[in-house]
Amino acid sequence: MSVETTPLISVEGLVTEFRTEGGLVRAVNGIDFTIPRGGTLAVLGESGCGKSVTGLSLLNLIRPPGAIAGGRITYYGMEGGKPVEITSLPPTSEAMRKLRGSEIGMIFQEPMTSFDPLYTVGEQIIETLMAHKRGLSRAAARAQAIEMLAKVRLPSPEILVDRYPHQLSGGMRQRVMIAMALSCGPKLLIAEEPTTALDVTTESQILDLLQNLQQELGMAVMFITHDLAVASEMADEVVVMYLGYVVERGPVEDVLNNPSHPYTQALLESVPRLDADSKERLRTIEGMVPTPDQMPRGCPFHTRCRHFMPGICDTALPPLYAAGPDHEARCVLVAPDFAKEPA
Amino acid sequence: MLAYIGKRLVIMLPTLLLIMAVGFFIMQLPAQDYVSQYVARQGQMGNTTAMLQEELLRQQLGLDKPPIERFFYWFFDFLRGDWGTSFVDSRPVTTIILERLPATLAISSLAFLVSWGVGIPLGVYSATHQYKTGDVALTTLAFIGIGLPDFLVAMFFLVAAFLASGQVLLGLNSPEFVNAPWTLARILDFFSYAWLSVTAVAFTGMALIMRVTRNNMLEELGKPYVLTLRAKGLPERVVIWKHVFRNALHPLVTMFGQVLAFLINGFAITSAVLNLPTIQSVYLSATFQQDIFLAGAILILIAVTVMVGNLISDVMLAWLDPRVRYD
Ligand SMILES: Nc1ncnc2c1ncn2[C@@H]1O[C@H](COP(=O)(O)OP(=O)(O)OP(=O)(O)O)[C@@H](O)[C@H]1O
Ligand SMILES: [Mg+2]
């Protein structure tokens with residue numbers, strides 16, 4: 001495949017497991033997706049569905065008692081175009097370390113606790129640069145760090161560079177986090193709920209900043225979120241996860257305007273809308289998310305599904321059926337040969 | 001920073017005054033004093049004349065004056081460097097303390113160096129190899145070390161050394177060297193005795209330091225910033241030593257505040273058991289015998305080292321942690 005036709009990264013049948021006292025937990029259960037160069041994929045789902053574990057798996061950062069137990073993650077963004085199979089690199093290998101931060105960057109949910117409190121934010125950017133760029137002097141790294149702080153539109157970067165994390169506001173810290181993650185020019189940025197801990201105004205500023213930087217730098221973004229509005233604003237493609245499975249995926253407008261999986265439908269109905277009739281009641285999804293160690297048989301969502309069909313949904317895991325162009329859903333209701341229930 | 005240290009030093013003066021006063025009066029609390037103990041002991045040995053001299057003795061030692069008056073005499077003499085005379089062996093308190101200072105510092109600083117120097121790296125190793133064989137072995141060792149008091153360990157070593165070589169390693173030198181000058185032979189002889197007390201004291205100290213280090217390291221390793229550091233591709237060595245270890249130092253630095261006091265006040269029972277010529281063994285006996293000037297002087301030394309130690313650890317914390325520095 002030529003560079004033009006390969007994606008930036010592809011994930012095939014990824015399985016990530018954790019050994020816990022209650023048994024083996026499959027946090028990610030055979031998921032597939034690709035992210036094109038410069039594209040944005042949103043990974044959407046409720047708490048505990050495996051979003052963070054997916055993100056960390058891409059960086060091969062799952063540590064014992066967890067491990068990637070199956071599947072393949074291939075990164076095609078290397079200089080020279082040689083594909084790198086991330087899943088075949090040992091997590092502690094030097095080759096894997098070099099990919100982290102320089103090819104694939106990551107930003108986290110909690111901008112306070114995600115910095116080492118004992119070093120200035122400048123030092124934390126400088127050490128990132130120096131870990132990846134051979135022969136870079138400290139002074140040059142510092143100049144680049146200041147440049148990055150300016151790039152994320154922080155005021156007086158040459159002063160901020162010597163500040164400690166606790167001296168900055170949440171929004172500023174998240175900007176520094178972005179500057180740090182982008183300092184080595186990664187081609188993929190994994191953004192793990194980067195605005196969840198921020199207030200609404202700051203959130204929209206950070207989202208704007210991310211979009212601008214993405215256009216400017218041409219990087220791809222994997223946007224992990226449980227917020228449908230954020231997903232629809234940021235992403236081209238969306239993957240909806242439930243209990244470690246991809247239950248629906250497709251272009252973001254298709255999936256959000258025309259949800260095919262009952263879980264996605266339920267998610268959309270549970271979001272308050274400003275333009276909606278105020279008398280219309282919000283529906284919450286009934287029941288609790290089963291814990292991953294009590295994985296339901298068959299379709300993982302059948303215990304909460306309002307279209308649950310005994311004998312069908314609780315026997316076999318449905319495959320992903322086409323629900324439109326580039327749009328798939330893991331539900332027998334979407335199957336072409338499925339005899340629709342009599343109305 | 002200098003202003004802060006100066007302020008702390010100024011606050012230390014009234015604290016010290018208070019400790020001196022309280023310490024002095026606590027020494028007076030028991031109904032018996034040194035003289036009545038002395039007379040009773042003499043009486044038991046059949047010497048009844050001592051009974052008749054009781055009041056005279058008290059006058060000689062100044063114990064007939066009211067406590068307040070005695071306190072002020074003692075206090076001002078103390079400031080002038082006259083720390084009084086021991087009732088028990090009639091020598092100046094300063095002489096007794098100075099005589100015992102070298103052995104005390106030698107044993108305790110060796111024990112300190114070994115327990116911290118070995119305990120910290122082992123604790124870090126344990127935490128970074130959690131549940132692996134090495135960690136399990138070290139954790140078990142630490143468990144034993146913390147569970148056993150150091151004097152028990154010392155007694156165990158004493159018996160083991162006796163069974164192995166027939167030597168009784170009490171004290172810090174063979175009898176022929178006790179009053180000899182410090183030649184190479186005496187130094188070698190010193191180490192052939194000192195290893196026992198140093199290892200016994202260092203073993204429990206090391207166990208504690210190792211456990212504290214391991215726990216802090218594990219707590220820090222679970223924090224989100226560690227994930228950030230790894231996600232940005234720092235080498236694991238840098239993640240551990242530059243970041244996690246420095247964050248884990250906090251409680252160790254707080255403990256470091258007690259190290260100075262430990263130097264002259266730790267392992268008192270071990271000192272007594274092994275008959276070490278240290279300050280702590282004389283402090284124990286002076287307290288029991290109500291040798292108040294000697295006990296009081298040592299008490300003040302301990303108080304001063306506690307205060308200075310805490311000041312040092314606070315300064316180190318401020319150096320370590322910008323959140324303390326900029327509060
Ligand atoms: N270190 C771990 N040990 C054991 N189980 C884990 C561990 N990390 C994650 N899991 C399991 O993996 C599942 C998925 O976790 P994950 O953190 O990916 O969820 P998430 O979608 O990111 O949720 P949230 O929105 O709350 O962040 C969880 O149910 C959790 O039980
Ligand atoms: Mg998460």
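Residues numbered from 1 in each chain as written. Chains lettered and ligands numbered in written order. Predicted model: local features only at pLDDT ≥ 70, side-chain atom pairs only at ≥ 80, totals over all residues. Heavy atoms only, no water.

**Notes on the interface of chain A and chain B**
And step 1. Each partner contributes to the interface: chain A provides 28 residues, whereas chain B provides 23 residues.
And step 2. When the two sides are added together, the surface that chain A and chain B hide from each other amounts to roughly 2200 Å², 60% of it contributed by carbon and sulfur.
And step 3. Scanning the region where chain A abuts chain B turns up four salt bridges.
And step 4. As a salt-bridge pair, A:Glu127 and B:Lys242 come within 2.9 Å of each other at their nearest N and O atoms.
And step 5. Where chain A touches chain B, the interface holds 14 residue pairs in polar contact (both at pLDDT 80 or more).
And step 6. Elements that contribute at least two residues to the side of chain A that touches chain B include exactly strand E6 (104-107), helix H3 (121-132) and helix H6 (170-182) of chain A.
And step 7. When residues in the side of chain A that touches chain B are grouped by element, the largest group, six residues, is from H3(A). (Contact = heavy atoms within 4.5 Å. Buried area = accessible area lost by both parts, 1.4 Å probe. Salt bridge = Lys/Arg side-chain N within 4 Å of Asp/Glu carboxyl O. Polar contact = N/O pair within 3.5 Å; in protein donor to acceptor, adjacent residues only side chain to side chain. Helix = DSSP H or I, 4+ residues; strand = E, 2+ residues; numbered from the N terminus.)

**With respect to the packing of helix H5 (residues 67-79) of chain B against helix H15 (residues 292-320) of chain B**
Residues and elements named next belong to chain B.
And step 1. One way to put it is that H5 packs onto H15 with a least axis distance of 12 Å and a crossing angle of 55 degrees. Comparing the axis directions of H5 and H15 gives the class oblique. As for the relative orientation of H5 and H15, their crossing is right-handed in sense. Judged by residue contacts, Arg-70, Trp-74 and Phe-78 of H5 engage Ile-292, Phe-293, Gly-296, Ala-297 and Ile-300 from H15. (Axes fitted to C-alpha atoms, helices over the stretch in contact; angles between N-to-C directions. Parallel < 35°, antiparallel > 145°, perpendicular 65-115°, else oblique. Left-handed = near helix turned anticlockwise from the far one by under 90°.)

**Thoughts on the environment of A:Thr16**
All names here are of chain A.
And step 1. Relative to the helices and strands, Thr-16 is located in strand E1 (residues 9-20).
And step 2. On the basis of relative accessible area, Thr-16 is assigned to the buried category, the value being 0%.
And step 3. Residues Thr-16 and Thr-54, 38 residues apart in the sequence, show an inter-C-alpha distance of 7.9 Å.
And step 4. Among residues more than four places away in sequence, those in contact with Thr-16 are Val-25, Arg-26, Ala-27, Val-28, Val-53, Ser-57, Ile-62, Ala-67, Ile-68 and Ala-69.
And step 5. For Thr-16, the side chain forms a polar contact with the side chain of Ser-57, separated by 3.0 Å. (Buried < 20%, exposed > 50% of the residue type's maximum accessible area, 1.4 Å probe, protein only.)

**As for the domain arrangement of chain B**
Residues and elements named next belong to chain B.
And step 1. By the assigned domains, chain B splits into domain 1 (2-76) and domain 2 (93-320).
And step 2. Just the C-alpha atoms count here: the centres of domain 1 and domain 2 sit 32 Å apart.
And step 3. Across the boundary between the two partners, domain 1 contributes 20 residues, which contact 17 residues of domain 2.
And step 4. Of the roughly 1700 Å² buried between domain 1 and domain 2, counting both surfaces, carbon and sulfur atoms make up 75%.
And step 5. Applying the counting criterion to the domain 1 and domain 2 interface returns one salt bridge. (Domains from an automatic or database assignment.)

**Some words on the sheet that holds strand E4 (residues 66-75) of chain A**
Two orientations exist for strands paired in a sheet by backbone hydrogen bonds: parallel and antiparallel.
All names here are of chain A.
And step 1. With antiparallel pairing, four strands are arranged side by side in an open sheet as E2-E1-E4-E5. A strand with exactly one partner marks an edge of an open sheet, and here the two such strands are strand E2 (23-35) and strand E5 (84-85).
And step 2. Bridge analysis of E4 against E5 gives two bridges, and the strand direction is antiparallel. Counterpart to Tyr-75 in the pairing with E5 is Val-84.
And step 3. On top of the sheet, helix H1 (residues 51-58) reaches E1, E2 and E4; it is set at about 115 degrees to E1, its chief contact. (Pairing = 2+ DSSP bridges.)

**Description of the pattern of salt bridges**
In a structure, side chains of opposite charge can pair up when their charged atoms sit close to one another.
And step 1. Enumeration over the complete set of coordinates arrives at 23 salt bridges over all chains.
And step 2. Across the pair A:Glu328 and A:Arg249 runs a salt bridge, and its minimum N-O distance is 2.9 Å. Here the residue A:Glu328 occupies a position in strand E12 (residues 327-329), and A:Arg249 occupies one in strand E10 (residues 245-251), the gap between them amounting to 79 residues.
And step 3. With its nearest N and O atoms 2.5 Å apart, the salt bridge here joins B:Asp314 to B:Arg8. Separated by 306 residues along the polypeptide, B:Asp314 in helix H15 and B:Arg8 in helix H1 (residues 2-28) bring together distant segments of the chain.
And step 4. Beyond isolated ion pairs, a larger network of salt bridges with shared partners links A:Glu123, A:Glu127, A:Arg138, B:Lys232 and B:Lys242.

**Side note on helix H8 (residues 150-165) of chain B**
Residues and elements named next belong to chain B.
And step 1. Between its first and last C-alpha atoms H8 spans 22 Å; for 16 residues at 1.5 Å apiece the expected length is 22 Å, and the two agree.
And step 2. Of the positions making up H8, those classed as buried are Asp-150, Val-153, Ala-154, Leu-158 and Ala-161. Along H8, the residues classed as buried sweep out an arc of 145 degrees about the axis, all on the same side. Exposed and facing more than 90 degrees away from the buried side of H8 are Phe-156 and Leu-163.
And step 3. Against the buried residues of H8 lie helix H9 (184-221) and helix H13 (268-273). (Expected span 1.5 Å × (residues − 1). Arc of directions from axis to C-beta.)

**Focus on H6(A)**
Each turn of an α-helix holds 3.6 residues, which means side chains three or four residues apart point in the same direction.
And step 1. The first and last C-alpha atoms of H6(A) sit 18 Å apart over 13 residues, in line with the 18 Å expected at 1.5 Å per residue.
And step 2. Of all the 13 residues making up H6(A), eleven are buried; the element is thus mostly covered by neighbouring parts of the structure.
And step 3. Every buried residue of H6(A) is listed here: A:Gly171, A:Arg173, A:Gln174, A:Arg175, A:Val176, A:Met177, A:Ile178, A:Ala179, A:Met180, A:Ala181 and A:Leu182.
And step 4. On its buried face, H6(A) sits against E6, H3, helix H4 (138-151), strand E7 (188-192) and helix H7 (200-217) of chain A together with helix H10 (224-231) of chain B.

**Some thoughts on the pairing of strand E8 (residues 220-225) of chain A**
Residues and elements named next belong to chain A.
And step 1. Within E8, six of the six residues are buried, which leaves the element mostly enclosed by the surrounding structure.
And step 2. Of the two faces of E8, the one carrying Ala-220, Met-222 and Ile-224 and the one carrying Val-221, Phe-223 and Thr-225 are both buried.
And step 3. With five bridges joining them, strand E3 (residues 40-44) and E8 adopt parallel strand pairing. Paired with Leu-41 across the strands is Met-222, a residue of E8.
And step 4. Where E7 and E8 come together, five bridges link them in parallel fashion. The residue bridging Glu-192 from the neighbouring strand is Ile-224, located in E8.

**Observations regarding the layout of surface pockets**
And step 1. Roughly 1300 Å³ of volume is contained in the largest pocket.
And step 2. If you trace the largest pocket, you find 44 residues lining it, with A:Leu61, A:Arg63, A:Pro64, B:Arg230 and B:Glu236 closest to the centre.
And step 3. Elements with a minimum of two residues in the lining of the largest pocket: E4 and helix H2 (94-99) of chain A together with helix H6 (93-128), H9, H10 and helix H11 (236-256) of chain B.
And step 4. Split by residue class, the lining of the largest pocket holds 22 nonpolar, eleven polar and eleven charged. (1 Å grid on protein atoms, 1.4 Å probe; cavity = no way out; pocket = protein on both sides within 12 Å on 5 of 7 lines; lining within 4 Å. Points joined across faces, edges and corners; volume = space filled by probe spheres on them. Nonpolar A, V, L, I, M, F, W, Y, C, P; charged D, E, K, R; others polar.)

**A word on the environment of A:Ser52**
And step 1. Structurally, A:Ser52 can be placed in helix H1.
And step 2. Judged by relative accessible area, which is 30%, A:Ser52 ranks as partly exposed.

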